[in-house]
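Each chain, letter by letter, is given below.
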Amino acid sequence: MNLCSSYGTGILAQTLHAVEQVPTIITHTSGSIIALPFDNTVTIRCEARGNPPPEYRWTKDGQDFVPPQLTEIKANHTYGTFVLHNKQLVQFQGKYRCYASNKLGTAMTEETELIVPNVPKFPKETIDPIVVEEGEPIILKCNPPEGVAPRQIYWMSIDLQHIEQDERVTMGIDGNLYFSNALQKDSRLDYCCYAAFSRIRTIVQKTPMAVVVKSSEAPPNRIPSLLLPSGVQTEIVIIKGEELQLECIPEGFPTPKMEWKKMGDKLSTRTQFTNFGKLLTISAIEESDEGRYMCIAKSSAGEAVHYFDVIVEEPPKWQTEPPQSQLTVIGSDVHIKCAVSGKPLPEITWMRNGEVFQDDPLNNRRVLDDTVVLHNAMPEDSAVYQCEASNRHGSILANINIMVMSEYYCHRSQGVWFQSEDDIAFSKPGFSYHDRANLSSFYFVLDIAPLILTKQYQEYAVTLGGDIVMNCSVFSSPPPTISWTKEDETPETVEGTHVFSLQNGSLQITRAEKADSGKYVCVAFNTEGKSAVTAVLDVKDSTKIIVPPQDIQITSGTTAQLMCQAEYDKSLQDTFEVLWRKDGDEIPLSHEENSRYFVDDGMLQIMNVNLSDQGLYTCIARTNLDEDNATALLTVLDVPDAPNNVEISELSSLRKVHLSWVPGRDHNSYVTEFVVEYEESQWEPGRWKELQKVPGNQATAELELHGHLNYQFRVYAVNAVGPGPPSEPTERYKTAPTAPDRNPENIKIQGHLPHQMDISWEPLLPIEHNGPGLEYKVSYRKLGVEDNWREHMVKRHSFVVRNTSTFIPYEIKIQSRNSDGWGPEPKIVTGYSGEDVPSAAPQDVAVEVINTTVLRVSWTPVPPATLRGHLKGYNVHWLRKQSLLNPNKSLDERHSLSFPGKRSHAILPGLEPFSEYRLTVNVFNKKGNGPNSDPVTFYTPEGVPEQVPILTTSNVQKDSILLVWGPPPESNGILTGYLLQYSLINETTLDLVDSQKMNITGADTTQWQLQGLKEGNLYRFHLSACTRVGCGPPQAQESRTITQAHLSLTPAVASVQSSMYHRLQPMQLANIEVVADKVVVPALLNISSYVSDTFANISWTATEEQQDLQLYVAYMNKRDGNWWISEAVNTSQSYHVIDGLKPGTVYTVRLMAKRLLDNASVFEDVIQTQVKGVAGQQSNFSTQGWFIGTMCAVVLLTLVVLMACFMQRNIGGKYAGTPPPQRQDMFSMDKVKEKEDLHPDVESQGMNDETFCEYSDSEKKPLKGRSLCSLNDDDAVGDSISRDSMVDYADGEGEFSEDGSFIGEYSGHNHGGSVSEPSRPSPVTAYSRALAEKVYFKTFQDTF
């Protein structure tokens, strides 16, 4: 039986030593403490754990330190923290170290430095002005005072205007202002260095410094050298991880530019160049950045270099972790290793209980550099050992607790405890003791289970990224083992990279994250039991200013706005607030009307800003957990004050004076210039005029004055805000009369008539007369011949020389004179007498036809003597006499182009092919055109036709399709036929296969029945018109052959459709769509359009059986090829308006039976919108009175004749007959038209060879599409391309009125022919006479 099972050696060891513990530092103030002026107290903390409770002592700068009587000692359980009040802080500056001791040992902390900065200020001093020659360098030393970082240096004027910096003028990182070379503009009296300390809210100013730059005509070149650093080489030692800054500031003239290199290597990718290339910065320096760097200052005068040896070092750090405390038994060897690294290698100091620990070989205590060895350790070796590693960059300290204790044994059979082999032992309770005399060597301890003193569900809050400690205070014996877990997670402990269990049992979380929120359980257990307590942690969003205030410059009298927007946790909304401070003092915010400060949604508004509002503004956004702040500088700008003490002093000449003044304050905006104004009492008294401007860094001006005037002067300053008020005027200063200083300028010589020369000039201003009696002497003579000067004295500023030869060069000079003498010798100018039109025409005019539309014309220039003026250029005129297609028709198409300058040839574009032309050339000058050359006649060759305007398909069968097209608008030659290319479309790949070509002979052919096609397939057709030269661009169309299913009709439907097919011609069949064995949209009649500049009205006539059917109107801009389709339109509506068109644009229009861009179109045509303002560009011929009267008479006479004709025909029963039943409800004019269509006028058949369908003029014309007009049931339908279009009449004998209306006869022959019967004549109905009536009536309207 093992009687030691309940009294193991571990239990005994804990029992004997449960109460006693060596001191362990659990929290202390580390690093440096900077006491700010507005901090009321400074707390220095030191808390340790131990048993017996530790006692504390402090050292200051290595000497024992006891807080004074006036120091308030906080009463907490450690008594280690003390508080110093603000008034006593200065005397307590120094380095502090805390020692916590009990009978088992002493623990110590690292040194903590208390810094109490003085209020920074510059010393009061008198600084002599710095005087340099222009081009020499300048160094203005700032020597800023030390203070609480960060420190910012500014160079400004006395009125807070920033000194402009550039490649020539820069501030170094030492705060000095460096001028690579001085310029005249650098002279000023108020160079001020300002040092700003934002943490203590302080700005201090150095005594202003004056710089005087002596001017020189041309500063000599200076070879570059370096103002900073000095010497050739500099060694830079930097700590790893810090930012490296290398600075080279050059001097020289011209200003050198900087280059940087790293010897033997490339510059790091983290390298940045600032301060105009003079400052090299590498962030987070690494060992790889070590090496030699070189800066090079270069200019055209030479170069200079400087070398930097960069050495990267680092402070001491633990190689893995600090040495750990050890618990060992008597007689064992203890090794304590302090493994550290650093550069330079740290020096290690060993201490025991805060005292230096020396090497003692005799007592088996060895100190071997970084290791301490305790041989055969004894209880008296128990202590707190300190390892401190230091180099010049810092130090680290570790406290190592070493416990040496006895070892006890248990007799397994008897359950007896004994130490070594002595008979000092005791058995379990109830047994007798063998050696009661030694009983006092042992003592009993009451063992209890852990008792947690922290309350349950203690709530903690911390902001994101902050640190928090959650307490778990436990009382127990033996000491408990404490662990922390998080609810709803694995039972493992929560310790990690930022979560730590402290030795006192608390849980510390650093850099808290959102995921850290939740419930944490502290579990404490020992041999007697365990206890647990839950803590609740809420990680809230940190308060952060996301839109900080920006440094601004604001003009006085306006409103300044400083934005400060912050993010914060919404659960802290009740405690969130935004405060504003100016120069450290809180801004009082009031809602009163007279308050100038308003805060709205984080924005501070300062109304009616004045100079007193200038300063540092700090925005503080805070909650009860944290805060954030941001600072901005507000600079108030205003116009400069008026200069003072404006004084006049005479120079050597009475007409030159020296004006001086004292500048006023510039109000934070550098004075850019001073403006000197004058007022004189003779010519314009009371009116101030600008006399001279001087740079803003000067306060004097030398003024050159005119004679015979009584002056006074004043000065005002100008800055970026604007001009300031003027100074008080000076006393009057009168100048004596003198001869004129200059002669007239801007002499102009013109010849308005061929035999005279007009001379004019810009007269002297009244103040330039310099005395009374001003007049001018005009002198002139012929140039290039021996001729005497002819002189005339005049008082006006013009003179006319008469009876000159035409266009002869003259020399002219004009001199001014007054009662006191002549002006300076005048300059001679050259001019010509009057011009006349050229007298000769160009000779040897020749033409070279380049192609069908382009011509090259050449000529021999006219002799210079015949120009009789300045050559302006040549005009080329050409007349198109006739088209070779219609030689019997005379044309009068005139064109001309001007070619400026001296030319002997030109290129004429835009000719019409296959035409006869006549051409002339003339020269022109400023006066006008010379005579035309002898005319030259030439012919343009035949060309290829234009594109076929429309290609449609109809009469689609299983194996054939009828193609119908219109002739090209311009054939450009003799039309020989058409080239048809068609291909089968693979509807899967969209490739063209089985392509075929076919030549269609016959110029009048406009349709073709294509046979041998495949059933139910999609085809693409390309049709081009051809002449003897070649074929024009093709027109494309696609169509599909029908299948057998579409031909299988029921008998009832078949009979109806058969009769309809018998009645309609092929063109009409194209307008019928068969769906579900029935006709959907029959052909519409009288389709026409009204075309404006931005819209088109498409109208039609629908029969009774065509009512309430649906169709769609589609149109396409020919330029972009995009189709637009309307919603469904009811045929009974009879019209549809297409809006939003572009002026002067060609469109294709379709009427379709379904909303698909296929071949099921009822109608298709090409229209062109009008151009705005065309009518206005026509001649105003019609506005003449005689023309209006004549036209009125003609129109009235025509109307009388037409009315007589109509009455005669009605009496004769011309319109007898019964209209078709379906048309009885139509408008009466439609009835008349229909009757005439069914009963043509025999007399009118000889007037026209075409089928006339509908009236048209320039605004409303019959569309060229599938207009269907039959004479009777058996007559063939006319062409699908209307023969009433303007294109068809282009070569006819018709003529146009002023508004473009066609008012000629419709009897011209159309070359296109008819689709069904090309040679068959068609009668002209009586409706054509209605057309004439309507046209004449429109002309009458337009006339009035």
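Residues numbered from 1 in each chain as written. Predicted model: local features only at pLDDT ≥ 70, side-chain atom pairs only at ≥ 80, totals over all residues. Heavy atoms only, no water.

### Digging into the overall build of the chain
Alright, step 1. Counting its secondary structure elements, the chain contains eight helices and 99 strands.
Alright, step 2. Buried positions account for 44% of the 1344 residues belonging to the chain.
Alright, step 3. In the chain, of all internal contacts separated by at least 6 residues, the share reaching a separation of at least 24 is 65%.
Alright, step 4. Surface accessibility of the chain: about 69200 Å² in total, with carbon and sulfur atoms responsible for 50%. (Helix = DSSP H or I, 4+ residues; strand = E, 2+ residues; numbered from the N terminus. Buried < 20%, exposed > 50% of the residue type's maximum accessible area, 1.4 Å probe, protein only. Contact = heavy atoms within 4.5 Å. Areas by Shrake-Rupley, 256 points an atom, 1.4 Å probe, with all protein chains shown as cover.)

### Details of the side chain of Asn401
Alright, step 1. Its location among the elements puts Asn401 in strand β37 (residues 394–405).
Alright, step 2. Each residue touching Asn401, except ones within four places of it in the same chain, is listed here: Val22, Pro23, Thr24, Ser325, Gln326, Ala383 and Val384.

### Looking at the sheet that holds strand β75 (residues 843–849)
Alright, step 1. On the basis of which strands lie adjacent, the open sheet formed by three strands has the order β75-β76-β79 and antiparallel pairing. Of all the strands in the sheet, the pair left with one neighbour each is β75 and β79 (905–908). Averaged over neighbouring strand pairs, the angle between their axes works out to 20° when direction is ignored. (Pairing = 2+ DSSP bridges. Axes fitted to C-alpha atoms, helices over the stretch in contact; angles between N-to-C directions.)

### Focus on unusual backbone geometry
Excluding glycine, most residues fall at negative phi; most peptide bonds, likewise, are trans.
Alright, step 1. With an omega of 0°, the peptide bond between Ala149 and Pro150 qualifies as cis.
Alright, step 2. Topologically, Pro150 is positioned in the loop between β13 (138–140) and β14 (151–156).
Alright, step 3. Between Lys343 and Pro344 the backbone carries a cis peptide bond, its omega angle lying at 0°.
Alright, step 4. Within the secondary structure, Pro344 sits in the loop between β31 (340–343) and β32 (347–352).
Alright, step 5. A positive phi angle is found at Arg201, which is not glycine, with a value near 55°.
Alright, step 6. Here Arg201 is to be found in the loop between β17 (188–197) and β18 (202–205).
Alright, step 7. Given the relative accessible area of 27%, Arg201 is considered partly exposed.
Alright, step 8. With a phi close to 60°, Asn364 is a non-glycine residue in the positive phi region.
Alright, step 9. Mapped onto the secondary structure, Asn364 falls in the loop between β33 (355–356) and β34 (365–368).

### Remarks on the sheet that holds strand β42 (residues 458–463)
Alright, step 1. Ordered by their spatial adjacency, four strands build an open sheet running β42-β49-β48-β45, and the pairing between neighbours is mixed. Only two strands of the sheet have a single partner each, and these edge strands are β42 and β45 (481–486). The mean inter-strand angle of the sheet, taken between neighbouring strand axes irrespective of direction, is 25°.
Alright, step 2. Where β42 lies against strand β49 (residues 529–540), six bridges are found, and the strand directions are parallel. Note that in β49 the partner of Val462 across the bridge is Val539.

### Quick word on the nonpolar core
Alright, step 1. Judged by nonpolar contacts, the single largest core of 24 residues is most densely connected at Ile138, Leu140, Ile153, Trp155, Leu177, Phe179 and Tyr191.
Alright, step 2. Contributing elements (two or more residues each) for this core: β13, β14, β15 (169–171), β16 (177–179), β17 and β19 (209–214).
Alright, step 3. The element contributing the most residues to this core is β17, with four residues.
Alright, step 4. When residues no more than four places from it in sequence are discounted, the contact partners of Ile138 are Ile130, Val132, Leu177, Tyr178, Phe179, Ala182, Val211 and Leu227.
Alright, step 5. Membership of the second largest hydrophobic core comes to 23 residues, among which are Ala35, Ile44, Ala100 and Val384. (Core = buried A, V, L, I, M, F, W, Y, C linked by side-chain atoms within 4.5 Å.)

### Overview of the packing of aromatic side chains
Alright, step 1. Summed over all chains, the structure comprises 23 aromatic pairs.
Alright, step 2. When the centroid spacing of 6.1 Å and the interplanar angle of 80° are considered together, the rings of Phe65 and Phe92 count as edge-to-face. Taken as a pair, Phe65 in strand β6 (residues 63–65) and Phe92 in the loop between β8 (82–85) and β9 (94–102) lie far apart in primary sequence, 27 residues in all.
Alright, step 3. On the basis of relative accessible area, Phe65 is assigned to the buried category, the value being 11%.
Alright, step 4. A relative accessible area of 5% means that Phe92 is categorised as buried.
Alright, step 5. With a centroid separation of 5.7 Å and an interplanar angle of 70°, the aromatic rings of Trp761 and Tyr776 are classed as edge-to-face. With Trp761 in strand β68 (residues 756–762) and Tyr776 in strand β69 (residues 775–782), the pair connects residues that are 15 residues apart, well separated along the chain.
Alright, step 6. An aromatic cluster is present here, built from Trp58, Phe65, Phe82, Phe92 and Tyr96 joined pairwise through their rings.
Alright, step 7. Positioned over the ring face of Tyr191 is Arg188, at 5.8 Å from the centre of the ring. (Phe/Tyr/Trp six-rings, centres within 6.5 Å; stacked < 30°, edge-to-face > 60°. Lys NZ or Arg CZ within 6 Å of the ring centre and 35° of its normal.)

### Regarding the state of the cysteines
Alright, step 1. Going through the model one piece at a time under the given rule, you end up with seven disulfides.
Alright, step 2. At a sulfur-sulfur separation of 2.0 Å, the disulfide partner of Cys248 is Cys295. Around the S-S axis, the bridge from Cys248 to Cys295 shows a dihedral of about -80° and counts as left-handed. Linking Cys248 in the loop between β22 (244–247) and β23 (249–253) with Cys295 in strand β27 (residues 291–299), this pair joins segments that are 47 residues apart in sequence. In this pair, the class of Cys248 matches that of Cys295, namely buried.
Alright, step 3. Disulfide partner of Cys1026: Cys1031, at an S-S distance of 1.9 Å. Classification of the bridge connecting Cys1026 and Cys1031 rests on its S-S torsion, roughly 95°, and on that basis the disulfide is right-handed.
Alright, step 4. The closest cysteine sulfur to the non-disulfide-bonded Cys192 is located on Cys193, 8.9 Å from its own sulfur. (Disulfide = S-S within 2.5 Å.)

### A word on the pattern of salt bridges
Opposite charge on two side chains makes pairing possible when the charged atoms of those side chains draw close.
Alright, step 1. Enumeration over the complete set of coordinates arrives at 48 salt bridges.
Alright, step 2. Arg742 is paired through a salt bridge with Glu768; the nearest N and O atoms lie 2.7 Å apart. Here Arg742, found in the loop between β66 (733–734) and β67 (745–750), pairs with Glu768, found in the loop between β68 and β69; they are 26 residues apart in sequence, far enough to count as distant.
Alright, step 3. For Glu768, a relative accessible area of 13% gives the class buried.
Alright, step 4. Lys777 serves as the salt-bridge partner of Glu791, at 4.0 Å between the closest nitrogen and oxygen. Here the residue Glu791 occupies a position in strand β70 (residues 790–794), and Lys777 occupies one in strand β69, the gap between them amounting to 14 residues.
Alright, step 5. Residue Lys777 is classed as buried on the basis of its relative accessible area, which comes to 17%.
Alright, step 6. One network of salt bridges, in which partners are shared, links Arg270, Glu286 and Asp289. (Salt bridge = Lys/Arg side-chain N within 4 Å of Asp/Glu carboxyl O.)

### What about the pairing of strand β58 (residues 615–622)?
Alright, step 1. Burial analysis of β58 places seven of its eight residues in the buried class, which makes it a mostly covered element.
Alright, step 2. The antiparallel pairing of β58 with strand β59 (residues 627–637) creates a hairpin that spans four residues between the two strands.

### Notes on the side chain of Ser816
Alright, step 1. In this fold, Ser816 is placed in strand β72 (residues 809–818).
Alright, step 2. Looking at Ser816, its side chain comes within polar contact range of the main-chain oxygen of Arg742, at 2.8 Å.
Alright, step 3. Excluding residues within four positions of it along the chain, Ser816 makes contact with Pro740, Arg742, Asn743, Pro744, Leu764, Leu774, Glu775, Tyr776, Trp822 and Gly823. (Polar contact = N/O pair within 3.5 Å; in protein donor to acceptor, adjacent residues only side chain to side chain.)

### Quick word on the confidence of the model for the chain
Alright, step 1. Taken over all residues, the pLDDT of the chain has a mean of 80, while the share at 70 or more is 78%.
Alright, step 2. Scored below 50 in pLDDT, residues 409–446 shows 60 contacts in the model against residues more than four places distant or in partner chains.
Alright, step 3. Within the model, the stretch residues 1049–1082 combines pLDDT values under 50 with 57 contacts to residues more than four positions away or in other chains. (pLDDT = per-residue confidence, 0-100.)

### Here we look at the environment of Lys782
Alright, step 1. Of note, Lys782 is situated in strand β69.
Alright, step 2. Under the relative-accessibility criterion, Lys782 is labelled partly exposed at 32%.
Alright, step 3. Along the primary structure Lys782 and Thr830 are separated by 48 residues, whereas in three dimensions their C-alpha atoms are 9.5 Å apart.
Alright, step 4. Leave out the neighbours within four places in its chain, and Lys782 touches Asp787, Ser805, Ile808, Pro809 and Tyr810.

### Some points on a nonpolar patch on the surface
Alright, step 1. A surface patch of nonpolar side chains, amounting to about 330 Å² of accessible area, comprises Leu451, Leu453 and Phe475.
Alright, step 2. With respect to the secondary-structure elements, Leu453 resides in the loop between β41 (448–452) and β42. (Patch = residues over 30% accessible without salt bridge, like charges linked within 9 Å, V, L, I, M, F, W, Y side chains within 5 Å.)

### Focus on the environment of Glu495
Alright, step 1. Relative to the assigned elements, Glu495 resides in the loop between β45 and β46 (499–501).
Alright, step 2. Judged by relative accessible area, which is 46%, Glu495 ranks as partly exposed.

### Considering the environment of Gln1106
Alright, step 1. Topologically, Gln1106 is positioned in the loop between β92 (1096–1101) and β93 (1110–1117).
Alright, step 2. Judged by its relative accessible area of 3%, Gln1106 falls in the buried class.
Alright, step 3. Each C-alpha atom of the pair Gln1106 and Ser1132 lies 7.6 Å from the other, and the pair is 26 residues apart in sequence.

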